[in-house]
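# Working through the structure, step by step
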Amino acid sequence: MTNAPLSGLLHSILPDPALRGVVERAGAPVLELQGAIATRQLVAGALAADEGAGRPVLAVTATGREADELTASLKSFLGEGAVVDFPSWETLPHERLSPRADTVGRRLEVLHRLKTGSDGLRVVVATVRSLI
């Protein structure tokens, strides 16, 4: 059993003309898409998959719950090691509290994986707050 149980589904929908159109525009400096929430994982997976555009993807969501759901869905398409969640700080910059050690560690791990680029990381899922 593969660690990406829905990889066959992604492979079978890649020939769809609408999805092919998105994949062909993947080289654009900015690719902003609008559509149903349910298609997020399909589009992000198609952009990141080797048989798709084979590009790194930064998927930005509005909430942590959306980020968790998108991360889980993409792991089903691309595999555990190909997708990572970039966590948000629990504290605001003006607060005199330090963030939790595990959050700092997870953020540093994602940044390290991005810098080295050699371990198959394809998609980083982040909330708006985690990017700020």
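Preceding this section is the structure that the text describes.
This one's a predicted model, so the numbers in the text were calculated from it and none came from an experiment.

Let's shift gears to the pairing of strand 2 (residues 83–86). Neither face of strand 2 is exposed, since Val83 and Asp85 on one face and Val84 and Phe86 on the opposite face are all buried. Inspection of the sheet shows strand 2 paired to strand 3 (residues 123–127) by four bridges, in the parallel sense. Bridging across to strand 3, Val83 finds its partner in Val123.

Note on placement: Thr127 falls in strand 3. Within the local environment of Thr127, its side chain forms a polar contact with the side chain of Ser88, the two groups lying 2.8 Å apart. Not counting residues within four places of it along the chain, the set of residues in contact with Thr127 comprises Val60, Thr61, Thr63, Gly64, Ala67 and Ser88.

Across the two faces of strand 1 (residues 57–61) the burial differs, with Val57, Ala59 and Thr61 buried and Leu58 and Val60 not buried at all. Relative to strand 3, strand 1 runs parallel, the two being bridged by five bridges. For Val57, the partnering residue across the bridge sits in strand 3 and is Val123.

The rules behind these values
Each chain has its residues counted from 1, running along the sequence as written. A pLDDT threshold of at least 70 governs which residues receive local features in this predicted model, and a stricter bar of 80 or more applies before side-chain atom pairs are shown or counted, although totals over entire chains, interfaces and linings include all residues. Excluding hydrogens and water, the side-chain figures rest on all heavy atoms present in the structure. Working definition: with a 1.4 Å probe on protein chains only, accessible area under 20% of the residue-type maximum means buried, over 50% means exposed, and in between means partly exposed. In this description a helix means any DSSP run of H or I spanning at least four residues, a strand means any run of E spanning at least two, and both kinds are numbered starting from the N terminus. For two strands to be treated as a pair, DSSP must find at least two bridges joining them. As used in this structure description, the phrase polar contact means that two N or O atoms lie within 3.5 Å; if the pair is within protein, one of them must be able to donate a hydrogen and the other to accept it, and residues adjacent in sequence are counted only when both atoms belong to side chains. Two residues form a contact once any of their heavy atoms are found within 4.5 Å.

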